[in-house]
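Letter by letter, the chains look like this.
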Amino acid sequence: MTQDAYIRIENVTKRFGSFTALGDVSMDIREGEFFSLLGASGCGKTTLLRLLAGFESPTEGEIYLDGDPISGVPPNHRPVNMVFQSYAIFPHLDVRDNIAYGLRKRKLPKARRDEMVDEMLHLIKLPDYGDRRANQLSGGQRQRVALARALILRPKVLLLDEPLGALDKNLREQMQLELRQIQRTVGITFVFVTHDQEEALTLSDRMAVMARGKPLQIDTPEALYERPANREVAEFIGSMNFFEGRVTQADGQGVDLDVAALGRIAAPDGAGGLSPGQRVALAIRPEKIALSDTRPERGHAVRGRIQNAAYLGERSHYYVQLDGIEAPVAVSANNSAPVRHVPEAGEVWLSWPDEAMRVLAE
Amino acid sequence: MKGDSYIDRSSRTLTLYAVLFLIVLYLPILFLPLFSFNDSIYIAFPLQGFTTAWYAQMWENPQMWAALGNSVKVGMATAVISTALGVFAAKAITRYRLPGQGPLVGFMMLPLVVPLIILGVAILILMSRLGVPLSLYTVTLGHLLICTPFAIATLIPRFEGLDPSLEEASADLGENIWWTFWRVTFPVVYPGIIASLLLTFTISFDEFIVAFFLAGTEQTLPIYIWNQLRFPRELPKVLALASVILLVSFVVVFLSLWLTNRGNRTLVQPGKDQ
């Protein structure tokens, strides 16, 4: 546990009847960071968000916000606001009244209120939409109004429940950039729930990959991608080739492995703590493997046969069959470099540097 | 017809059927206003001549006015109370998963199918056992039993159309349950509440059987009309009164339908782009 925890989730368990949605979860979220909860549906990420909002209370454990326990505080008394998946724009109010909804209790003079709403309309780039109703707005516009309605209250934490899920691809990418921009402008801690790994990688300062009601790994996007802690994280984020094997020798720095299709191979011991005889998976990202006609002079190499090739514009995907394993190895080659034509069904050499390998305990 | 899609093609048979249907449905009712302007106390053809005398006589009848007043009082009380009960019930039914919910809802809807005469007798026995004197209050009680299921049935679709995250959003933005109801739930379900008020008022206003069992010395309008039917000379005046009620009912029903439709159109489909 670090000292700079702004939100501290301590041994939180949430059960719904006999179903355990969250099992003994502990994590810290820092002030001002863009933190994502990433996972497939049913992994507990939305439950965790609803616990932070106050719509659910933990069965066990406690949540601290800025040092104070908040489990017993109802949602209307928490300095936390939420952007709902469905946006939940009030259909009977126009955009201005939606944004000003939470200001009633502040008892501000009308002029000040209007000024704050104008500021928000400006921030979300909808200055001329103040008198529209929810049903006159597009999905992206509703999303922005929901954001403004929450941010106007200057919450300590803003919770976002898959806010970009309902938008089409282009709009989603644009909104990702805007969301990041807005988060930097207002400097509020964002907790963002998504099932889209690309979105989480693009937006987050740090993120938690969740499965079965537990975080598997909490780290920066780069660390999660480059140094996954276990096979499940490696599988979930990006695509990954796995070679099953066994440790033959370990000395703390590196390990010697006996791996299917690759034979004896020395690899760095990223996570540490591997011991001889242990079953492991050697993981290599498809884009870290190079293809060549002849055996390269440096790095690890293995011979294979191209089974399938897919041209995707900026890059091409190859599936290479190796002797000794059933599943073909995926290779992703960047097409911007001058590439020679790789013959389909041809024999090729696959090669990769030391640092492309990650040894994961089974 | 060329150019028309299969589904839009008009059918002569169906058109004829629709016309016949409307005639059979409304012809008997049309006799009411027709004879109410007929200058004769006998309901028979040929028509004798045009008169508004029956309307004038009806207008000057204090008994009729008293009965009308009673019916309006009972109707308004019934409408307000049954709609309020309907709001709570519809909210609970749509928002919470209660144990034994299916049978419970069925039980609440039961008065819709129990014959009114049985309901009337049952309440009458209960009232006399309890020693409660019959009055407009007992009539109202009976009407509440009849009208509340209608109020619930009218309000459930409105509450189903209410996205639960709207209420959560209101709480999240700092409002407690009472302010949330006032600022979000009520305005969103408002057309349903109006429709329910109009419907329950109309049902209570029309209702004869239960009122007949439970009314004391004060008559409601249907009971007054029924009493008048024993005197042939009073019949044209009853027709005049019936015509007026018919007109008002039409207006109320159309108003309620219009409000329901308008309300449905303002409901938002979450996340749907335009």
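Model, not experiment: these values are computed from the prediction.

### Focus on helix α4 (residues 139-151) of chain A
Part 1 of the argument: With 13 residues, α4 of chain A extends 18 Å from end C-alpha to end C-alpha; this agrees with the ideal 18 Å at 1.5 Å per step.
Part 2 of the argument: Of all 13 residues in α4 of chain A, 13 are buried, a share of seventy percent or more.

### Considering unusual backbone geometry
The bulk of non-glycine residues show a negative phi, and the bulk of peptide bonds are trans.
All names here are of chain A.
Part 1 of the argument: One non-glycine residue with positive phi stands out, namely Asp66, at about 55°.
Part 2 of the argument: For Arg154, which is not a glycine, the phi torsion comes out positive at approximately 50°.
Part 3 of the argument: Counting through the fold element by element, Arg154 comes out in the loop between α4 and β7 (157-161).

### Points about the UniProt feature "domain: ABC transporter" (unreviewed entry) in chain A
Part 1 of the argument: When the UniProt feature table is mapped onto this chain, "domain: ABC transporter" (unreviewed entry) is found at residues 7-237 of chain A.
Part 2 of the argument: When the span residues 7-237 of chain A is considered, its composition is 34% helix and 27% strand, and the gap between its end C-alpha atoms is 25 Å.

### Brief notes about the UniProt feature "domain: ABC transmembrane type-1" (unreviewed entry) in chain B
Part 1 of the argument: Those places that UniProt annotates as "domain: ABC transmembrane type-1" (unreviewed entry) correspond, in this numbering, to residues 68-256 of chain B.
Part 2 of the argument: When the span residues 68-256 of chain B is considered, its composition is 80% helix and 0% strand, and the gap between its end C-alpha atoms is 22 Å.

### Some words on the side chain of Ser82 of chain B
Part 1 of the argument: When you line up the elements, Ser82 of chain B lands in helix α3 (residues 62-95).
Part 2 of the argument: At 2.7 Å, the side chain of Ser82 of chain B forms a polar contact with the backbone oxygen of Thr78 of chain B.

### Some thoughts on the interface of chain B and chain A
Part 1 of the argument: Chain B puts 27 residues into the contact, and the matching count from chain A is 31 residues.
Part 2 of the argument: Both faces combined, the contact of chain B with chain A buries some 2500 Å², and carbon together with sulfur accounts for 54% of it.
Part 3 of the argument: On the chain B side of the contact with chain A, Asp172, Leu173 and Arg183 of chain B bury the most area, a combined 28% of that side's loss.
Part 4 of the argument: Counting across the chain B and chain A interface gives 2 salt bridges.
Part 5 of the argument: Between Arg104 of chain A and Glu175 of chain B there is a salt bridge whose closest N-O contact spans 2.6 Å.
Part 6 of the argument: For the pair chain B and chain A, the number of links is 11 residue pairs in polar contact (both at pLDDT 80 or more).
Part 7 of the argument: Sorting the residues of the side of chain B that touches chain A by element identifies α7 (164-172), α8 (177-206) and α11 (235-266) of chain B as the ones contributing at least two each.
Part 8 of the argument: Tallied by class, residues from the side of chain B that touches chain A come to 10 nonpolar, 9 polar and 8 charged.

Basis of the calculations
- Residues numbered from 1 in each chain as written.
- Chains lettered and ligands numbered in written order.
- Predicted model: local features only at pLDDT ≥ 70, side-chain atom pairs only at ≥ 80, totals over all residues.
- Heavy atoms only, no water.
- Helix = DSSP H or I, 4+ residues; strand = E, 2+ residues; numbered from the N terminus.
- Expected span 1.5 Å × (residues − 1).
- Buried < 20%, exposed > 50% of the residue type's maximum accessible area, 1.4 Å probe, protein only.
- UniProt positions renumbered as here; feature names shortened; annotations may be inferred.
- Polar contact = N/O pair within 3.5 Å; in protein donor to acceptor, adjacent residues only side chain to side chain.
- Contact = heavy atoms within 4.5 Å.
- Buried area = accessible area lost by both parts, 1.4 Å probe.
- Salt bridge = Lys/Arg side-chain N within 4 Å of Asp/Glu carboxyl O.
- Nonpolar A, V, L, I, M, F, W, Y, C, P; charged D, E, K, R; others polar.

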